[in-house]
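# Understanding the architecture of this molecule
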Amino acid sequence: MSLTRWFLDSLARSHSERGDLRLRISNRTRKVELAHCVEVADTGATRRRGLLGRKTLPSGEGLWIAPCEAVHTCGMQFPIDLIYLDRSRCVKKLRHAVPPWRLSACLSAHSVLELAAGSIRKTQTNPGDILEFSSG
């Protein structure tokens, strides 16, 4: 079983009555919260859908796509920040305010965190930082 699947399964068990898994993500290195309401895209269907169809992504919200090495913003209506993570949730690569109709990849990443534009700058997140995931 992958580390990501184990982590998600353990969180899902604690939320099984509600049926909606939301994560709170903090930058442990900087001691700051990145987002308080992050959805998980861990199936083929949820990874393909991503944030498509939304009009905006409010500050403090996001989407964690796992596994994932690349994303596109084709068809989106707003820019997003991207944080590429390895299996240990260490930041590998950052992309600020990626506008619609772009592609982005990090082949050494295991997952991607999509956040509201400006989240990276606001939290001063940098490559090498360690993120902490908890149930929201």
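Structural data are supplied above this passage.
Residues numbered from 1 in each chain as written. Predicted model: local features only at pLDDT ≥ 70, side-chain atom pairs only at ≥ 80, totals over all residues. Heavy atoms only, no water.

## Some details on the packing of aromatic side chains
Aromatic ring pairs are reported here in terms of the distance separating the ring centres and the angle at which the planes meet. Rule in force here: Working definition: a ring pair exists when centres of Phe, Tyr or Trp rings (six-membered ring for Trp) sit within 6.5 Å. Plane angles under 30 degrees give stacked, over 60 give edge-to-face, the rest tilted. Secondary structure elements follow DSSP: runs of H or I of four or more residues count as helices, runs of E of two or more count as strands, with numbering from the N terminus. Placement of a charge over a ring requires the Lys NZ or Arg CZ to be within 6 Å of the ring centre, with the centre-to-atom vector within 35 degrees of the ring normal.
Evaluated as defined, the whole model comprises 1 aromatic pair. Centre to centre, the rings of tryptophan 64 and phenylalanine 133 are 4.6 Å apart; their planes meet at 65 degrees, and the pair counts as edge-to-face. Here the residue tryptophan 64 occupies a position in strand 3 (residues 61–65), and phenylalanine 133 occupies one in strand 9 (residues 131–135), the gap between them amounting to 69 residues. Geometry around phenylalanine 133 places arginine 89 over its ring, the cationic atom sitting 5.2 Å from the centre. Between the NZ or CZ atom of lysine 93 and the centre of the ring of tyrosine 84, over which it lies, the distance is 5.7 Å.

## Re unusual backbone geometry
At the junction of alanine 66 and proline 67, the peptide bond is cis and its omega measures out at -10 degrees in the coordinates. Within the secondary structure layout, proline 67 lies in the loop between strand 3 and strand 4 (70–72). A positive phi angle is found at arginine 89, which is not glycine, with a value near 65 degrees. Relative to the helices and strands, arginine 89 resides in the loop between strand 5 (80–85) and strand 6 (91–98). The backbone phi angle of glutamine 124 is positive, close to 55 degrees, even though this residue is not glycine. With respect to the helices and strands, the residue glutamine 124 is situated in the loop between helix 3 (119–123) and strand 9.

## A short note on the nonpolar core
For clarity, the threshold we go by: In plain words, nonpolar cores are sets of buried Ala, Val, Leu, Ile, Met, Phe, Trp, Tyr and Cys residues tied together by side-chain atoms within 4.5 Å. Three exposure classes are used, based on accessible area relative to the maximum for each residue type with a 1.4 Å probe and protein chains only: buried under 20%, partly exposed in between, and exposed over 50%.
Ranked by internal contacts, the top residues of the largest apolar core, which has 18 residues, are Leu23, Ile25, Trp64, Ile83, Leu113 and Leu131. Mapped onto this core, the elements with two or more residues apiece are strand 1 (22–27), strand 2 (32–41), strand 5, strand 6, strand 8 (111–116) and strand 9. Formed by 17 residues, the second largest nonpolar core is a distinct cluster that contains Ala41, Met76, Tyr84 and Ala116.

## Observations regarding the pairing of strand 6
For clarity, the cut-off: Note: two strands are recorded as paired if DSSP finds a minimum of 2 bridges between them.
Bridge count for strand 5 against strand 6 is 5 bridges, and the pairing is antiparallel. Across the sheet, tyrosine 84 pairs through a bridge with lysine 93, a residue of strand 6.

## Concerning the environment of glycine 60
Along the chain, glycine 60 falls in the loop between helix 2 (44–49) and strand 3. For glycine 60, a relative accessible area of 8% corresponds to the buried category. For glycine 60 and histidine 36, which are 24 residues apart along the polypeptide, the C-alpha to C-alpha distance reads 5.4 Å.

## Comments concerning the pattern of salt bridges
Defined as follows: Whenever a carboxyl oxygen of Asp or Glu lies within 4 Å of a side-chain nitrogen of Lys or Arg, that contact is scored as a salt bridge.
Here the structure, examined in full by the defined rule, presents 3 salt bridges. A salt bridge links glutamate 33 to arginine 24; its shortest N-O distance comes to 2.4 Å. Glutamate 33 sits in the partly exposed class, given a relative accessible area of 35%. The salt bridge involving glutamate 39 is made with arginine 54; its shortest N-O contact spans 2.8 Å. Highlighted residues: glutamate 39 in strand 2 and arginine 54 in the loop between helix 2 and strand 3, separated in sequence by 15 residues.

## A short note on the sheet that holds strand 8
Our working definition: All axes are obtained by fitting lines to C-alpha atoms, using only the stretch in contact for helices, and the reported angles, taken between N-to-C directions, cover 0 to 180 degrees.
Here 7 strands make up an open sheet; going across it, the order is 6-5-8-3-2-1-9 and the pairing mixed. Edge positions in the open sheet fall to strand 6 and strand 9, since each of these has one partner strand only. Averaged over all pairs of adjacent strands, the angle between strand axes in this sheet comes to 25 degrees, irrespective of strand direction. Looking at chain direction, strand 5 and strand 8 are connected through 6 bridges and run antiparallel. Directly across from tyrosine 84, in strand 8, lies its bridge partner valine 112.

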